[in-house]
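Understanding the architecture of this molecule
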Amino acid sequence: MTHTAYVIAAYLVAALGIAGLAAWILLDQRTQKRALEELEARGIRRRSESRRAGESPR
Amino acid sequence: MRLAAEGLSGERGGERIFSGISFELESGRALAVTGPNGAGKTTLLRIIAGLLPAAEGRVTLSGDEERWPGVAGACHYLGHLNAMKAALTVEENLAFWRAFLGATGLFPQEALEAVGLGGIGHLPFAYLSAGQRRRTAIARLLVSHRPVWLLDEPTAGLDQASASRFSALMREHLAAGGIIVAATHLPLGFETVEELRMGKRQ
Amino acid sequence: MRLAAEGLSGERGGERIFSGISFELESGRALAVTGPNGAGKTTLLRIIAGLLPAAEGRVTLSGDEERWPGVAGACHYLGHLNAMKAALTVEENLAFWRAFLGATGLFPQEALEAVGLGGIGHLPFAYLSAGQRRRTAIARLLVSHRPVWLLDEPTAGLDQASASRFSALMREHLAAGGIIVAATHLPLGFETVEELRMGKRQ
Amino acid sequence: MTEIAKLTERLTALANPTRFLALAGSMLPWLTGAAVLLLSAGLILAFAAPEDYQQGITVRIMYIHVPLAWLSMFCYTMMAASALGTLVWRHPLADVSLKAAAPIGAAFTALALATGSIWGKPMWGTWWVWDARLTSVFVLFLMYLGIIALTRALDDPGRSARSAAILTLVGFVNIPIIKFSVDWWNTLHQPASVFRLDGPTIHPSLLWPLLVCALGFTLLFLSLHIMAMRAEIWRRRVAAMRRMSARVAEVRPAKGHVS
Amino acid sequence: MLALYLREVKLGLRAGTGALTGVLFFLAVVAVMPFGVGPDLNLLSRIGPAVLWISALLASLLGLERLFQADREDGTLDLLVMADARHMLAFTVFVKCLAHWTAGVLPLVAVAPLLGLFMNVEPAGLAAATLTLLAGTPAITFIGAVGAALVVALPRGGLLVSVLVLPLTIPVLIFGVAASRGAVAEPDPFLQPFLILCALTLFFSVIGPAAAALALRHVD
Amino acid sequence: MLALYLREVKLGLRAGTGALTGVLFFLAVVAVMPFGVGPDLNLLSRIGPAVLWISALLASLLGLERLFQADREDGTLDLLVMADARHMLAFTVFVKCLAHWTAGVLPLVAVAPLLGLFMNVEPAGLAAATLTLLAGTPAITFIGAVGAALVVALPRGGLLVSVLVLPLTIPVLIFGVAASRGAVAEPDPFLQPFLILCALTLFFSVIGPAAAALALRHVD
Ligand code: HEM
Ligand SMILES: Nc1ncnc2c1ncn2[C@@H]1O[C@H](COP(=O)(O)OP(=O)(O)OP(=O)(O)O)[C@@H](O)[C@H]1O
Ligand SMILES: Nc1ncnc2c1ncn2[C@@H]1O[C@H](COP(=O)(O)OP(=O)(O)OP(=O)(O)O)[C@@H](O)[C@H]1O
Ligand SMILES: [Mg+2]
Ligand SMILES: [Mg+2]
């Protein structure tokens, strides 16, 4: 049943690919969030925050 | 004719460089924009010329709307770069700009004489010295008429004689009802000038 | 150490631009080359730097032959162009020149502080204003030691503060036994200067 | 207020990154959960479904291949919509959406290609043929990579937004043309060797699991996309704050005044 | 506008290495093909038009990245953008593309028959290939302009331009080759793909400059 | 010198995120090929090595003419020439060539095996093609450097001279393709053209930088 091997390979490739993509995105998220928290902890604020309390799109 | 800026703010790379700049210039008036390096003089000129979007505020030109409907179209912009092709001769360069911008000014040869370069029209632009290049770029202002001149350090690299010759050209332009906005570190050499000092930056 | 030129003549495009120029500069002396646009100031500097062949005459550097066997190798040349890559950051640019020219001077960050640009080492060179670019090029003179500085309109586009900061740097270099040859239309801002006026051309 | 103006306003409100972040934060767990649930249900159904009489067990590849292929096209459509948002309404969020979607789209397209290839080996006897559909998917993949390369090459967010949007739109206009031309090309030279996948008219027993899977993959795509958008927003804030902190000591925004 | 066209052509011929390098590359590709497929003249003549088209496509990419970059570096681009009111920017881009094509691609089309001869393509095929090149290559330049405009802010966009542009040019290539083949291989039609090719060129002559102008507007 | 090498590579890569662009470029060229010659896998696998070589040639030519021009336009070239006493100019040129090759051509050579997937080239042919590319493409860069230097040194005449120089790349191309073909097509030899290819590269790696340095010395 070599055909089963192809099915398994396809599922494996898809699973690995999606897992890799998800891991990359999650990791990226974590890195950015950490950096942001660290900067905020150092007391740096974005301009829009320092200008008014609310948020502006840019 | 009147060039007006209201509450202009400029951004570069997502960062606010200046804000709240307003001025009004009638025909025949000049504005000298001064300030330290990096203050945003070039940014301001480019915003007026429409080459950069203003973060806030706007620039308007009023007085002769059917002839000059937009600001950009009514401006000559002389930036840090000369906008000439090194491979073409001086005269070819000027002739091109004259044809492209509208043949409403001097002929290339006359314009060259006005900046004191009468004899070198046939040289490739690449062969000119730094000051001669700048003067060629100045000659470009003369080959086609525009009421507003935006000049970014026009006299950098010019010798004394050329600088005063250029002052005379600017005075003439003002006398004919033109408007000038010039960013500069050096005195412009005439009197009818308002000054806009831009902020202290490193 | 002594930089001497004997009977130099310069040609451009087969045409004699100047001839019979001689001078001698001891350690600690500066020469200001002045003259109208197209007089041949840049040409003279490039001949000294070995970038152009002299039509006649020669340039010699004597005093410390084993360390500085040739003239070109002993010179810093600051031309009209800044010799920086727009795509690299200011600090990368300076670090490269430091490594390439020999790491015998300040670190990039120190050099940047010396020209008053301490905070912008991380910006791409393309983002700098005209004056900031020039000051970065000046910082290049500091990252590697050369006894002779050849400066071509070094202060064009600098604001007042930067120009006087640069005068101070030049004075320091002279005080340390250096030699300066500077082509300029503006006063250099210090006293130990000899002047070489180049001929009248249009 | 006209309908359009109202719509625009609502969109603008949603374009506020902070509001988006809040919304994303509360929605993400549900979305991800639903995606996982649907996907597992779909796959169980898929393996419970009968084998195809012609293709045998390999038909199971369909349950991942087809949703991935659909999503690769769906993703590009969404990017084109975002591009319009950037160019017409100048939403900051539209650009974030485009930039975040590109790598996901590229990955899905690559997986569609890979699973298709793996399916092709037993079915057609070769990993790859220059068949019309396969070729246009391959070209789509190249365009994804081109967009990624462009967004990565420009570091200034504002500038890269416009560039990427223009490229995406030009590509979007071009995709039907490519599809059409590739069809033409392929039928022209080699009518015999073309693999027409009219296949078995899909039996409901195969169709239902497929639809469930497709929905699951779509939800998965959406949650990945929202996460990537969130990361991108944070990245931009970090970059802006770094720039500010580098200069904050020496820079005060200049106030102009005419003397 | 005529002034712009003439100047660009002059520059292309005078300074840019583009044109001749293009022809040279073209030559190299055609010269190396026989070594690739072996000395089978029959096969060569069969793939002849295709080889001509592919090398023309690739050769048009040479120098394309400088289309706007050179103007940006010397400040010309600013003035072209500012003149939008007088000369619509999209039209300016159109004229620049045309000039680039005249100076860079047209010489290549001109030598195509010669190279076809080397590859043993029969006269009808040669004429068809040349004709399709003439009708189709402008489309490549127009598409390329979009890529060039997108990377104008990048210091070295060379490879990137071709990466962005190549996938988009596939339809042009397909119909170009189809038409030139149609002229020789009997059952295949010539006119239909040729007309589609012309339509493509017209289509991209509108889309390309418009998109490029959009990208150039706020380059800075 | 290492600093120069690293900087040049960085410059080459920074523009288009480097390696990705190289790979992508290659994929794009390969993708375009079948549209020209048709989807016949047999034929494709035969011209595979030639296609590889052609795309490598194109990639090396793209941006090559800017090798010194960019340095001249921003004033870097002056300083490189003046540093002749510290770093011999010919060696500087050599390093620049190497960097150009690393950033522009090497990524392409590295992904050459991917070709197998799409063009059905057999493994031996693929290995041979990759090997010949690795050995031969530097020669193209070295030859190109002479042309690039001449264009900078003689803005008017340079064009003509560089067109005289660039045809030298054709032998490299021919031997490269011949060697990669020799590995698969039985009667043809592999070793002989391959050795000639290596000799060409060595020869030009000396001649090229020396000639280019000579041309650059009095650029102004
Ligand atoms: C690399 C190879 C392949 C690629 C890139 C590919 C791509 C695609 C795409 C883009 C679709 C969606 C088409 C649409 O909905 O209009 C699709 C659907 C489909 N593919 Fe593939 N495919 C590949 C190989 C295969 C193979 C080998 C088979 C089976 C023998 C297969 C069977 C199907 C089926 C049954 C559908 C769904 C039917 C439909 O929506 O028309 N594919 N594929
Ligand atoms: N393309 C750009 N991207 C990001 N920042 C930029 C860009 N161009 C300029 N800047 C920054 O904007 C600020 C203002 O620059 P601008 O060129 O307007 O100054 P300027 O007043 O003209 O100075 P100078 O007198 O030196 O010409 C500078 O700090 C500069 O670093
Ligand atoms: N590459 C060249 N080929 C031919 N002639 C040239 C070349 N470069 C400069 N010239 C000519 O040589 C003369 C001297 O030029 P040079 O650049 O030395 O002047 P300069 O004194 O530096 O002027 P500036 O103050 O404007 O910088 C000029 O008349 C110029 O036209
Ligand atoms: Mg400025
Ligand atoms: Mg000078």
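Residues numbered from 1 in each chain as written. Chains lettered and ligands numbered in written order. Predicted model: local features only at pLDDT ≥ 70, side-chain atom pairs only at ≥ 80, totals over all residues. Heavy atoms only, no water.

A short note on unusual backbone geometry
For B:Glu153, which is not a glycine, the phi torsion comes out positive at approximately 45 degrees. Among the structural elements, B:Glu153 can be located in the loop between strand S6 (148-152) and helix H5 (160-175). On the accessibility criterion, B:Glu153 (9% relative accessible area) is buried. Positive phi, close to 55 degrees, is recorded for D:Arg90, a residue that is not glycine. Relative to the helices and strands, D:Arg90 is located in the loop between helix H3 (62-89) and helix H4 (92-124). (Helix = DSSP H or I, 4+ residues; strand = E, 2+ residues; numbered from the N terminus. Buried < 20%, exposed > 50% of the residue type's maximum accessible area, 1.4 Å probe, protein only.)

Some remarks on the interface of chain F and chain E
Listed as interface residues are 44 residues of chain F and, on the opposing side, 44 residues of chain E. Where F:Arg66 meets E:Glu73, a salt bridge forms, and the shortest distance between an N and an O atom there is 3.6 Å. Across the chain F-chain E interface, the total number found is zero residue pairs in polar contact (both at pLDDT 80 or more). At the level of secondary structure, the elements contributing two or more residues to the side of chain F that touches chain E comprise helix H1 (2-15), helix H2 (19-37), helix H3 (41-61), helix H4 (66-73), helix H10 (158-165) and helix H11 (169-182) of chain F. The element that contributes the greatest number of residues to the side of chain F that touches chain E is H2(F), accounting for eleven residues. Along the lines of polarity and charge, the residues of the side of chain F that touches chain E split into 29 nonpolar, eight polar and seven charged. (Contact = heavy atoms within 4.5 Å. Salt bridge = Lys/Arg side-chain N within 4 Å of Asp/Glu carboxyl O. Polar contact = N/O pair within 3.5 Å; in protein donor to acceptor, adjacent residues only side chain to side chain. Nonpolar A, V, L, I, M, F, W, Y, C, P; charged D, E, K, R; others polar.)

Structural notes on the interface of chain E and chain B
In this assembly, 27 residues from chain E lie in contact with 28 residues from chain B. Taken together, both faces of the contact between chain E and chain B bury some 2,400 Å²; the carbon and sulfur share is 64%. At the junction of chain E with chain B, the criterion picks out four salt bridges. Residue assignment for the side of chain E that touches chain B shows that the elements contributing at least two residues are helix H1 (2-14), helix H4 (66-73) and helix H5 (76-82) of chain E. (Buried area = accessible area lost by both parts, 1.4 Å probe.)

Comments concerning the side chain of B:Thr43
Residues and elements named next belong to chain B. By secondary structure assignment, the location of Thr43 is in helix H1 (residues 41-48). Residue classification places Thr43 among the buried positions, given a relative accessible area of 6%. Not counting the four nearest positions on each side in its chain, Thr43 is found in contact with Arg12, Phe18 and Leu52.

Remarks on the sheet that holds strand S8 (residues 193-197) of chain C
All names here are of chain C. Pairing is parallel in the open sheet, where five strands are placed in the order S5-S6-S7-S3-S8. The open sheet has two free edges, formed respectively by strand S5 (75-78) and S8, since each of these has just one partner strand. Here the average twist between neighbouring strands, direction ignored, is 15 degrees. Bridge analysis of S5 against strand S6 (residues 148-152) gives four bridges, and the strand direction is parallel. Across the sheet, residue His76 finds its bridge partner in S6, namely Trp149. (Pairing = 2+ DSSP bridges. Axes fitted to C-alpha atoms, helices over the stretch in contact; angles between N-to-C directions.)

Observations regarding the site of ligand 3
Ligand 3 sits among 19 residues. The nearest are B:Ser129, B:Gly131, C:Lys41, C:Thr42 and C:Thr43. Residues close to ligand 3 are split across chains B and C. Taking C:Ala39, its main chain carries an N or O atom lying 3.3 Å from an oxygen atom of ligand 3. At the level of secondary structure, the elements contributing two or more residues to the shell around ligand 3 comprise helix H4 (130-143) of chain B together with helix H1 (41-48) of chain C. (Near = heavy atom within 4 Å.)

Some words on the UniProt feature "transmembrane region" (unreviewed entry) in chain D
All names here are of chain D. The residues that UniProt annotates with the feature "transmembrane region" (unreviewed entry) are residues 20-48, 68-89, 101-120, 132-154, 166-186 and 206-227. The annotated region residues 101-120 carries 100% helix and 0% strand content, and the separation between its end C-alpha atoms amounts to 28 Å. Segment residues 206-227 splits into 100% helix and 0% strand. End C-alpha atoms: 32 Å apart. (UniProt positions renumbered as here; feature names shortened; annotations may be inferred.)

A look at the site of ligand 1
Residues and elements named next belong to chain D. Inspection of the region around ligand 1 gives 17 residues, with His65, Trp70, Leu113, Trp119 and Leu134 positioned closest. With respect to ligand 1, the side chain of Trp70 contributes an N or O atom lying 2.9 Å from an oxygen atom. Within the contact set of ligand 1, an oxygen atom lies 3.4 Å away from a side-chain nitrogen or oxygen of Arg133. When residues of the shell around ligand 1 are traced back to their parent elements, those giving at least two are H3, H4 and helix H5 (132-153). Among the elements that take part in the shell around ligand 1, H4 stands out by supplying seven residues, more than any other. Class assignment of the residues belonging to the shell around ligand 1 gives a composition of twelve nonpolar, four polar and one charged.

Description of the coordination of the magnesium ion (ligand 5)
At this site the magnesium ion (ligand 5) is bound by C:Thr42 (OG1) and C:His80 (NE2), with donor distances of 1.9 to 2.5 Å. One end of the pair, C:Thr42, is in helix H1; the other, C:His80, is in the loop between S5 and helix H2 (90-101), and 38 residues separate them in sequence. (Donors = N, O, S within 2.8 Å, 3.2 Å for Na, K, Ca; no water.)

Thoughts on the relation of the copies chain F and chain E
Superposing chain F onto chain E requires a rotation of 174 degrees together with a translation of 1.4 Å along the rotation axis, leaving an RMSD of 1.8 Å. Put plainly, the chains are arranged around a two-fold axis. Residues of chain F ranked by C-alpha distance from the rotation axis are headed by F:Leu62, positioned 2.8 Å from it. A share of 75% of the interface residues of chain F reappears at the interface of chain E, consistent with the copies meeting face to face through the same patch. (Least-squares fit on C-alpha atoms with pLDDT ≥ 70 in both.)

A look at a nonpolar patch on the surface
Residues and elements named next belong to chain D. Judged by side-chain polarity, Trp70, Met73, Leu207, Trp208 and Leu211 come together as a nonpolar surface patch covering roughly 530 Å² of accessible area. Here the nonpolar patch gets three residues from one element, more than from any other, and that element is helix H7 (residues 204-247). If you trace the backbone, Leu207 turns up in helix H7. Judged by its relative accessible area of 33%, Leu207 falls in the partly exposed class. (Patch = residues over 30% accessible without salt bridge, like charges linked within 9 Å, V, L, I, M, F, W, Y side chains within 5 Å. Areas by Shrake-Rupley, 256 points an atom, 1.4 Å probe, with all protein chains shown as cover.)

Quick look at the nonpolar core
Counting 402 residues, the largest nonpolar core has B:Leu3, C:Leu3, E:Phe25 and E:Leu58 as the members making the most contacts within it. Tallying contributions element by element places H7(D) first for this core, with 16 residues. (Core = buried A, V, L, I, M, F, W, Y, C linked by side-chain atoms within 4.5 Å.)

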